[in-house]
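These are the residues of each chain, in order.
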Amino acid sequence: MIKHEFIIQNDNRETTERGTPSMPLSMYLTRFSHKTAYAVPWHWHGDVEIVLVKRGSMRLELKRRSLILSAGEGAFINTGTLHAMRRQSQESCEMISAVFDPAMIAGSGTAAEMKYVLPILKCGALDMLLLEPDTQWQLDVLVALRDAYSVYARPYYGYELKLRELLCRIWRRLAVHLKNLVEETGERAYDMRIRLMMGYIAENYMQRITLEDIANAASISVRECSRCFHTDLGMTPFAYLINHRVRIATELLTETEMAITDICFAVGFNSTSYFAKVFREHTGQTPRAYREGAAQNDPLAEN
C-alpha cells in the first residue's frame, strides 16, 4: 500500500507534494479500516483526482450533496472541489486514487490544453462526475485507472510513458463525452466563505469558539453562517467543529504518547467525560480503546 503524509492548510487546501516536478502524479491504495469521523477530511487541491472503489463502499461528500460509491464505481473530482471521504458501513473499504497536475495530459500552453483540458477544469457544472461500470466509456476510465495503479505500484523501464498513455486515454474519454456539457455551461465560481470559516476553525479549534466567531471569519451574519454550513456541508458549524476536533484527537492518539486527558484539552474540549462521550459517538470506541486498537493494526492510509 502506497501512503503519504496528508498535509492540509488552514484554508483546507491540501498541499501534499505530488510525485516530482517532472512527473506531478501520485497514486494511492487507501484502506478505510478504522471507524472515525472522516477517513479523508474536508479538503481541496489544485490537482484533479480520479478514484475507484475496489472493495466495500465509501461516501464521497461535496458541497451541497453526497453520494455513496460501491465496489466497481468511481468518480472524477475536478480541481478546486471541496470534498471529504469516509467509509459507508462497518465493512472495510479499499480505494484506488490518482491525484495529478492536469499538465500531465497536454503540457502547458499547448493547443491540446486549450481545447481539451482547460474547458473541463473551468466547467461550471463539473465539480464531480460519477463513474459507473454500466456505462462503457466510464468503465473504460475505471479500467485505465486500475491499470495505471498497477504500473505505478511496480514501475519498470518506460513506465512513465505508460502512465501518461493511460492518463491521456482517461482524459480523451472525458473530453469526448463531456463536450456538450462543457460548451453549454459557464466557468466555475468558488465560494470562499465556507473555506474562510473552515480555515478559522482549523486555526482555532483548540480554543472556545462561538458561532459569531465563525461567522465573523467570513464577514457574514450568524444566520448566513449556519445556512452556508447546512447548504454546503449538510451539517451545523458546531457539528463540523466537533468532527474536526475528533479527527485531530485520533491523530494525537495514534501518533503521540500524550495522555488522553491532555489530548482532551488540547483539541478544545473542557470536560474529559464529554470528550469520551463525543469520541465514542464518532468512532464507536473510547479514546483508550481507539489508541490500543491502532497500536495493533497498520496505520490508516489516507488520501
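Residues numbered from 1 in each chain as written. Predicted model: local features only at pLDDT ≥ 70, side-chain atom pairs only at ≥ 80, totals over all residues. Heavy atoms only, no water.

**Student:** Help me understand the overall build of the protein chain, please; the structure alone is not making it clear to me.
**Tutor:** Assigned secondary structure in the protein chain consists of 12 helices and 9 strands. The C-alpha radius of gyration computed for the protein chain amounts to 20 Å, which stays within 12% of the reference 19 Å derived for 303 residues, consistent with globular compactness. Considered along the principal axes of its C-alpha atoms, the protein chain spans approximately 60 × 45 × 35 Å. Across the 303 residues of the protein chain, 50% fall into the buried class. Counted over contacts in the protein chain with a minimum sequence separation of 6, partners at least 24 positions apart contribute 72%. (Helix = DSSP H or I, 4+ residues; strand = E, 2+ residues; numbered from the N terminus. Rg over C-alpha atoms; globule rule 2.2 N^0.38 Å. Buried < 20%, exposed > 50% of the residue type's maximum accessible area, 1.4 Å probe, protein only. Contact = heavy atoms within 4.5 Å.)

**Student:** Is there a simple way to explain the packing of helix 6 (residues 192-204) against helix 9 (residues 237-255) in this structure?
**Tutor:** Between two packed helices, both the angle of their axes relative to each other and the distance between the axes serve to describe the pair. Packing of helix 6 against helix 9 leaves a shortest axis separation of 10 Å and a crossing angle of 45°. Taken together, helix 6 and helix 9 sit at an angle that is classed as oblique. Here helix 6 runs over helix 9; the crossing is right-handed. Where helix 6 abuts helix 9, its residues Met198, Ile201 and Ala202 lie against Pro237, Tyr240, Leu241 and His244. For the contact of helix 6 with helix 9, the residue count by class is 6 nonpolar, 1 polar and no charged. (Axes fitted to C-alpha atoms, helices over the stretch in contact; angles between N-to-C directions. Parallel < 35°, antiparallel > 145°, perpendicular 65-115°, else oblique. Left-handed = near helix turned anticlockwise from the far one by under 90°. Nonpolar A, V, L, I, M, F, W, Y, C, P; charged D, E, K, R; others polar.)

**Student:** Teacher, can you tell me more about unusual backbone geometry here?
**Tutor:** Residues other than glycine predominantly adopt negative phi, and peptide bonds predominantly adopt the trans conformation. The backbone of Arg64 sits at a positive phi, close to 75°, despite the residue not being glycine. Topologically, Arg64 is positioned in the loop between strand 4 (57-62) and strand 5 (65-70).

**Student:** Looking at this structure, how should I read the packing of aromatic side chains?
**Tutor:** By convention here, two paired aromatic rings are described through the distance between centres and the angle between planes. Applying the stated rule across the entire model yields 6 aromatic pairs. Considering the side-chain rings of Phe279 and Tyr290, the 5.5 Å spacing of their centres and the 85° angle between planes classify their relative orientation as edge-to-face. Of the two residues, Phe279 sits in helix 11 (residues 272-283) while Tyr290 sits in helix 12 (residues 287-295), which places them 11 residues apart along the sequence. Here the aromatic residues Phe269, Tyr274, Phe275, Phe279 and Tyr290 are joined through ring pairs into a cluster of three or more. Between the NZ or CZ atom of Arg195 and the centre of the ring of Trp44, over which it lies, the distance is 4.0 Å. The cationic tip of Arg245 hangs over the ring face of Phe269; the distance from NZ or CZ to the ring centre is 5.9 Å. (Phe/Tyr/Trp six-rings, centres within 6.5 Å; stacked < 30°, edge-to-face > 60°. Lys NZ or Arg CZ within 6 Å of the ring centre and 35° of its normal.)

**Student:** Explanation requested: the pattern of salt bridges in the structure shown.
**Tutor:** Enumeration according to the criterion identifies 17 salt bridges in this entry. When the shortest N-O distance is used, the salt bridge between Arg31 and Glu94 registers 2.6 Å. In this pair, Arg31 sits in strand 1 (residues 25-32) while Glu94 sits in strand 8 (residues 93-100), placing the two residues 63 residues apart along the sequence. With relative accessibility at 32%, the residue Arg31 sits in the partly exposed group. With relative accessibility at 8%, the residue Glu94 sits in the buried group. With its nearest N and O atoms 3.7 Å apart, the salt bridge here joins Glu94 to Lys54. One end of the pair, Glu94, is in strand 8; the other, Lys54, is in strand 3 (residues 48-55), and 40 residues separate them in sequence. Judged by its relative accessible area of 45%, Lys54 falls in the partly exposed class. One network of salt bridges, with partners in common, ties together Arg31, Lys54, Arg55 and Glu94. (Salt bridge = Lys/Arg side-chain N within 4 Å of Asp/Glu carboxyl O.)

**Student:** In this structure, what is going on with the sheet that holds strand 8? I would like to understand it.
**Tutor:** Hydrogen bonding along the main chain pairs the strands of a sheet, whether they run parallel or antiparallel. Taken together, the 5 strands give an open sheet; going across it, the order is 1-8-3-6-9, and neighbouring strands pair in antiparallel fashion. The two strands at the open ends of the sheet, each matched to only one other strand, are strand 1 and strand 9 (128-131). Strand-to-strand twist of the sheet, defined as the mean angle between neighbouring strand axes without regard to direction, takes the value 15°. Two elements, strand 3 and strand 6 (residues 74-77), share 4 bridges in a ladder whose sense is antiparallel. The partner of Ile50 across the bridge, within strand 6, is Phe76. (Pairing = 2+ DSSP bridges.)

**Student:** Mind showing me how you'd approach the confidence of the model for the protein chain here?
**Tutor:** Note that predicted coordinates carrying low pLDDT should not be read in detail. Averaged over all residues, the pLDDT of the protein chain is 89; the fraction at 70 or higher stands at 92%. Here residues 298-303 scores under 50 on pLDDT; set against residues more than four positions off or in separate chains, the count is 27 contacts. (pLDDT = per-residue confidence, 0-100.)

**Student:** Sorry, what's going on with the sheet that holds strand 2 (residues 40-43) here?
**Tutor:** If you trace the 4 strands from one edge of the open sheet to the other, you get 2-7-4-5, paired in antiparallel fashion. Each having just a single partner strand, strand 2 and strand 5 make up the two edges of the open sheet. Averaged over all pairs of adjacent strands, the angle between strand axes in this sheet comes to 20°, irrespective of strand direction.

**Student:** Honestly, helix 2 (residues 111-121) in this entry has me stumped. Any pointers?
**Tutor:** One full turn of an α-helix is made of 3.6 residues, so residues set three or four places apart face in the same direction. Among all positions in helix 2, only Glu113, Val117, Ile120 and Leu121 are buried. Viewed along the axis of helix 2, the buried residues span an arc of 105°, placing them on a single side of the element. Exposed side of helix 2, more than 90 degrees from the buried face: Ala111, Met114 and Lys115 are the residues found there. On its buried side, helix 2 packs onto strand 3, strand 6, helix 1 (103-106), helix 4 (159-177) and helix 5 (179-184). (Arc of directions from axis to C-beta.)

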